[in-house]
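# Observations on the model geometry
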Amino acid sequence: MVKKLIRMALRSLLDEMVGVGDAVLLEPLSENHFLENLQLRFQHDEIYTYIGNVVVSTNPYKSLPIYDSEMIERYRGRNLYELPPHIYSVSDLAYRSMKNYGRDQCIMITGESGSGKTEASKLVMKYVAAMSSRSTEVEKIKQQLLQSNPVLEAFGNAKTNRNDNSSRFGKYMDIEFDFKGDPVGGLITNYLLEKSRVVRQAQGERNFHIFYQILCGASPTVLKKLKLDSVEKFSYVSPGDANPDDAKSFNEVLSAFDVIGFTRAEVDSVLVLVAAVLKLGNIKFRSVAAKNGMENCGIVNREDVVDVCEMLSIKSQSLTSALTERTMTAKQDTVTCTLSANEASYNRDALCKEVYDRLFTWLVNRINSSIKVPSQTNKKCKVMGVLDIYGFEVFEHNGFEQFMINYCNEKLQQIFVELTLREEQEEYVKEGIEWLHIDYFNNAIICLIENPHNGVLSMLDEECLRPGDVTDSTLLAKLESVCGKHEHFESRRATKFLADKTLPHDAFRIQHYAGKVTYFVENFIDKNNNSLFRNLSNAAFLSAHPLLGGAKGLFPEGDPSITVLKRSPTSAFQFKASMSALMKNLLLKNPNYIRCIKPNDVKRSSVFSSDLVRHQVRYLGLLENVRVRRAGYAFRQKYEDCVTRYKMLSPNTWPLWHGAAKDGVKHILLNVKISPDQYEYGRSKIFIRNPRTLFKLEEHRAAALHDVATVIQKIWRGFQCWRRYQLMRHAQIVISKNIKKYQNQQKYMRLKAATLVMQCYIRGWKVFAFVRLVKFVSKIKILHWVKAKYYSASKPLKKPSQTSETPQARCLLRAHKLHKLRCISVSVIAAHWKGYKTRLEYRKFFRANAGKVVARFMEKYLVYRYFTKLQNTLPSYSPIEKKWPACKYRFLQAAHPLLRDIFHRWRCMKYRKSLTPQRKVELTEKLHASNLFKGKKSSYPTSLPKKFVGDHVTLSTNQKWQKVGAGGDIIFADEGFKIHRANGKFVSCYVVLTNTSLLLLDEKTVKQKCHVTADDISGISFSPYQDGMMIVHCKPPMDSKKHKGDLILNVAHSIELATKISLLLERQTNHKL
Ligand SMILES: Nc1ncnc2c1ncn2[C@@H]1O[C@H](COP(=O)(O)OP(=O)(O)OP(=O)(O)O)[C@@H](O)[C@H]1O
Ligand SMILES: [Mg+2]
């Protein structure tokens, strides 16, 4: 299955791709070829191309069906080269690298304005959000992170000539994940909002989206509350710029506020501030000639001032004077002067820009407080940073903002060069890998801008802080004198550029990595100073508006109680510091790059402007990037990491490898049978040349993980069963303990009750015996007295009692008997009563049928005992054995003899079955003999043990007999005598019985002397004595022949002969002798 997937993936990358999916595979490698490849792919809607693991993204300027959830699933967990290049692939790589290796990641999205950075950052966030789990808590955080985009875009994006949704601020978002890879929060850092856009926009550009969104999207009630009207009424926004999408976007922003967790009051406050900026922008000033001849100003439209004051809860007078006057403090003296109309307008614009800028920073902080990671989970978090910062900008008129933006891009280019090009080469050298050096554009230009001693930024700051007359021209002069000799700095004063008409006198030019840019110095000092007149900050501080006023408001420095004001850091200083913090942050993380390319300047989907793209390819250093990747190795990893990840691929390294990590990697590669030309051992890393080698390793790993999972499953299940068994065992012990306890308690209670009863009886009996003794003694005494008084001549004894006479004695005796009777009755009643009470007491311990159950059990038990005993004492299996064990149980007396009979029949049957057919015949004959002779003939007992031989004289083998052939089979043959009835003479002969007749043969000649057919034999007579005499009764012949009479024979085996004759007759004639 894994192999199939890999094969599919390779096919999709190599066979079905348009052009070349990875520029590393370009052949031949040239700038033109690189551009052609990009163009070909762009024309086929293949907007992503790899350079190793860097994704080059060309803005398609149309929505493509390649971002749906199916696509996300397709790229989930797949290696970079398995599927066609996609932004999801690099997102997946970063996400998995963070989740699996625990390395913080950053995704740097760079490119010029309109190249698609913001869209790319949203796609990365979408992918990462889809990767994590769907629990309610995680879903909430994901939504908050995603919904921060519409809010920040509404307030920080605007339409420019290069991009309809241009980010006018830099954004770096850290998304924090727990160990499971679920987002737990985030942190957004914003950089330098282009606040000048609030008051002025270039031709064809728009103000920030939020102004249009409120004006077009808010309901009439809200608009009334915000004291707003239609778009054309406001000077900061031009009417033709609004578009129908603004209303829709406003609702999206409101719902995004809701999702992030803004309260209703917070949203209202934000909208009021935005509306107030719009209203402030409408305030107009007119020139008024003062008495001293100076130009003062007055407010043209006071009703707007009143509206703004009402909205911001500021006193009208306070705002008016803040806008039209300036108070200066010199030592102890405070001087207030009125401003000219122009100065007042500048003042108003400064206030609007500042309010909007600080409102934007407040929004970012407010979003951060919602998406902040709870402090207890913070430690374990892994971070993925997404950097979407303004792209390189070259306008007709480039000012302070463009200078800062391009400086930022220089920094990012520097980090890219540092990490991908320089570090790559340095790493090969460091690791001792053979390497051919590749030259690359080193943007050392950065020094020109940020050098602390003679950089442009330092000069700018120095000029701003310098006392005396400081203007933009003095700044330019300073720059020319300090930086003039720098090879990337150009100014008209330098002799080299004196004749260069393209370079105006009030501008300087810097040769950036992305090209030369001319910056006009106008407003550089002012914008860098970043200071608001104190009158304005005072007025804002005194506002009762929840966001604007107060110490926690947007203008804390306006507190009138603060007399000594610290100069606020310059914009350049702040920006430089934030850039340096950003770079540090990025350098700590594993970088992933998305290099965005803008295909044309007309925002059209099908136009590919080769020159424009060539320019971007050059300054982004993409070709150098390809060269480095081609010459190098596709994949490298620390030996330790490699062993940790692939240790299951070799029996030597699994489950633990204790040796040197490098040796472990050697084992793994040997075991997976990777060809040695596919990798190189560095000092601390393994370098794998071809991505396919990596796939192979991953493929083996995936297969091995299945086995590992099975083992883990096995152990876990075993553990669970063991634990369950332990629980059951424990439970069983507890149950049996309790049952035993209960049983013993019951037993004890019974014993105790029985002991009490016995005690009662014994005590009662003792008392009774004592009383009887006492009574007996008193009775003896009375008898003695009676005897002495009435029957003895002796002097009567003294009567036992003074009143007793004979009748009285009788009465006494009667009373004594009665008492005795009563005592007995009492004992009987007491015994019954106690019995009854005991039964009553113990009844509850027995079930109604306990007796029956016990009896049944006893019965079964006794039967069991009886059978086991019987089994052990069974007599021998001989049928004539007479012995049978005794039974001591009366209730089995009837069954016992039956069992004996059954047993006897069974052993007879067994005996019978063991007999051979011949033996069976013998025994049948013996049985027949027994029926005939038992108890009738005294020689029978002696004949019993003798076998019935049949042919005693072996006549059947006699040749004469065979010749004579008297016919029939011999059943019996023996020597014997025929006795003449007339003279009683004994004539010896053979007495033979065949299966047809009885024959008498001459002993010598074996001739027949007499022949009697079996049918003719009617009976046989014997004497009861020991002799062998027998009379064979023959039937008289049917014809007239003379009846020869019966035969008198004397045969030694007469009993055998008679038995066989009888059996023969029974078989043949079916009648008994
Ligand atoms: N992947 C994409 N699919 C479709 N359209 C895109 C894509 N990327 C960019 N676009 C189009 O290009 C426009 C400009 O993109 P985006 O705003 O992301 O540029 P940017 O690089 O952020 O510019 P800036 O630096 O001015 O903020 C978008 O509004 C959108 O219409
Ligand atoms: Mg953008």
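Rules and cut-offs
Residues numbered from 1 in each chain as written. Chains lettered and ligands numbered in written order. Predicted model: local features only at pLDDT ≥ 70, side-chain atom pairs only at ≥ 80, totals over all residues. Heavy atoms only, no water. Helix = DSSP H or I, 4+ residues; strand = E, 2+ residues; numbered from the N terminus. Contact = heavy atoms within 4.5 Å. Donors = N, O, S within 2.8 Å, 3.2 Å for Na, K, Ca; no water. Buried < 20%, exposed > 50% of the residue type's maximum accessible area, 1.4 Å probe, protein only. Pairing = 2+ DSSP bridges. Salt bridge = Lys/Arg side-chain N within 4 Å of Asp/Glu carboxyl O. Patch = residues over 30% accessible without salt bridge, like charges linked within 9 Å, V, L, I, M, F, W, Y side chains within 5 Å. Areas by Shrake-Rupley, 256 points an atom, 1.4 Å probe, with all protein chains shown as cover. Near = heavy atom within 4 Å. Polar contact = N/O pair within 3.5 Å; in protein donor to acceptor, adjacent residues only side chain to side chain. UniProt positions renumbered as here; feature names shortened; annotations may be inferred. Axes fitted to C-alpha atoms, helices over the stretch in contact; angles between N-to-C directions. Domains from an automatic or database assignment. Parallel < 35°, antiparallel > 145°, perpendicular 65-115°, else oblique. Left-handed = near helix turned anticlockwise from the far one by under 90°. Nonpolar A, V, L, I, M, F, W, Y, C, P; charged D, E, K, R; others polar. Expected span 1.5 Å × (residues − 1). Arc of directions from axis to C-beta.

### Points about the side chain of Lys 411
Looking at where Lys 411 falls in the secondary structure, it is placed in helix H14 (residues 400-430). Each residue touching Lys 411, except ones within four places of it in the same chain, is listed here: Ile 446, Glu 450 and Met 583.

### Focus: the coordination of the magnesium ion (ligand 2)
The protein atoms that coordinate the magnesium ion (ligand 2) are Thr 118 (OG1) and Ser 167 (OG), at distances of 1.9 to 2.1 Å. Of this pair, Thr 118 sits in helix H5 (residues 117-131) while Ser 167 is found in strand E5 (residues 166-167), placing the two residues 49 residues apart along the sequence. Owing to a relative accessible area of 13%, Thr 118 belongs among the buried residues under this scheme.

### Some words on the pairing of strand E24 (residues 1017-1022)
Where E24 and strand E25 (residues 1029-1034) come together, five bridges link them in antiparallel fashion. Across the sheet, residue Ser 1021 finds its bridge partner in E25, namely Ile 1031. Count of turn residues in the E24/E25 antiparallel hairpin: six residues.

### Thoughts on the pattern of salt bridges
Summed over the entire model, instances satisfying the criterion amount to 46 salt bridges. Salt-bridge contacts for Arg 197 lead to Glu 205; the nearest nitrogen and oxygen are separated by 2.8 Å. Here Arg 197 matches Glu 205 in class, with each residue buried. Arg 466 is the partner of Glu 463 in a salt bridge, and the nearest nitrogen-oxygen pair spans 2.5 Å. Each of Lys 195, Glu 354, Asp 357, Arg 358 and Glu 557 takes part in one network of salt bridges that share partners.

### Examining a nonpolar patch on the surface
A contiguous nonpolar surface patch, about 490 Å² in accessible area, is contributed by Leu 773, Phe 776, Val 777, Ile 780, Leu 783 and Leu 813. Along the polypeptide, Leu 783 turns up in helix H25 (residues 691-791).

### Concerning the site of ligand 1
Residues in close proximity to ligand 1 total 18 residues, the closest being Ser 113, Lys 117, Thr 118, Ser 166 and Ser 167. Asn 59 places a polar side-chain atom, nitrogen or oxygen, 2.7 Å from an oxygen atom of ligand 1. Lys 117 places a polar side-chain atom, nitrogen or oxygen, 2.7 Å from an oxygen atom of ligand 1. Across the complex, the protein chains shield 86% of the 620 Å² of accessible surface that ligand 1 would expose by itself. Where the shell around ligand 1 is concerned, the elements lending two or more residues are H5 and E5.

### Structural notes on unusual backbone geometry
Backbone torsion omega between Trp 654 and Pro 655 reads 0°, so that peptide bond is classified as cis. Looking at the element boundaries, Pro 655 is found in the loop between helix H23 (639-646) and helix H24 (661-672). With phi around 55°, Tyr 61 is a residue other than glycine that occupies positive phi space. Structurally, Tyr 61 can be placed in the loop between strand E2 (54-58) and helix H3 (69-75). Under the relative-accessibility criterion, Tyr 61 is labelled partly exposed at 22%. If you check the backbone angles, Lys 227 has positive phi at about 60° while not being a glycine. Inspection of the secondary structure puts Lys 227 in the loop between helix H8 (220-225) and helix H9 (245-260). Note on Lys 227: relative accessible area 23%, which makes it partly exposed.

### Section: the UniProt feature "binding site: ATP" (unreviewed entry) in the protein chain
Per the UniProt entry, the sites bearing "binding site: ATP" (unreviewed entry) are Gly 111, Glu 112, Ser 113, Gly 114, Ser 115, Gly 116, Lys 117 and Thr 118 in this numbering. Setting aside residues up to four positions removed in sequence, Gly 116 forms contacts with Asn 59 and Cys 596.

### Overview of the sheet that holds E24
Taken together, the seven strands give an open sheet; going across it, the order is E23-E22-E21-E20-E26-E25-E24, and neighbouring strands pair in antiparallel fashion. Looking at which strands have only one partner, the edges of the open sheet turn out to be strand E23 (1008-1013) and E24. Mean inter-strand twist for the sheet, computed between neighbouring axes without regard to direction, equals 30°. Alignment of strand E20 (residues 970-979) against strand E21 (residues 986-994), held across nine bridges, turns out to be antiparallel. Opposite Ile 979, over in E21, you have Phe 986 as the bridge partner.

### What to know about the environment of Val 335
By the element assignment, Val 335 lies in strand E11 (residues 333-338). C-alpha of Val 335 to C-alpha of Phe 285: the two residues are 50 residues apart in sequence and 22 Å apart in space. Not counting residues up to four positions away in its chain, the partners in contact with Val 335 are Arg 326, Thr 327 and Met 328.

### What about the domain arrangement of the protein chain?
When its domains are assigned, the protein chain resolves into domain 1 (408-528), domain 2 (635-761), domain 3 (872-914) and domain 4 (949-1069). Taking only C-alpha atoms into account, the centre of domain 2 sits 98 Å from that of domain 4.

### A word on the packing of helix H4 (residues 87-101) against H5
Between H4 and H5, the shortest axis-to-axis distance is 9 Å and the interhelical angle comes to 55°. Here H4 lies oblique to H5, going by the angle between them. As H4 packs across H5, the resulting crossing turns out to be right-handed. Residue-level contacts link Ile 87, Tyr 88, Ser 91, Asp 92 and Tyr 95 of H4 to Ala 120, Leu 123, Val 124, Lys 126, Tyr 127, Val 128 and Met 131 of H5. Across the contact of H4 with H5, the residue classes tally to nine nonpolar, one polar and two charged.

### So, the environment of Lys 666
Its location among the elements puts Lys 666 in helix H24. Along the chain, Lys 666 and Val 364 lie 302 residues apart, while their C-alpha atoms are 51 Å from each other.

### Brief notes about the pairing of E20
The antiparallel hairpin formed by E20 and E21 contains six residues in its connecting segment, where Gly 984 sits at a positive phi of about 75°. Here E20 pairs with strand E26 (residues 1047-1051) via three bridges, running antiparallel. Bridge assignment links Phe 977 to a residue of E26, and that residue is Asn 1050.

### Focus on H9
With 16 residues, H9 should reach 22 Å at 1.5 Å per residue; the first-to-last C-alpha distance of 22 Å fits that figure. Within H9 the residues assigned to the buried category are Asp 246, Ser 249, Phe 250, Val 253, Ala 256, Phe 257 and Ile 260. For H9, the angular spread of buried residues about the axis comes to 125°, placing them on one side. Exposed positions of H9 whose direction lies more than 90 degrees from the buried face are Lys 248 and Asp 258. Elements in contact with the buried residues of H9: helix H6 (136-156), helix H7 (209-217), helix H10 (264-281) and helix H13 (341-371). Among the residues trailing H9, Gly 261 stands out with phi positive, at a value near 115°.

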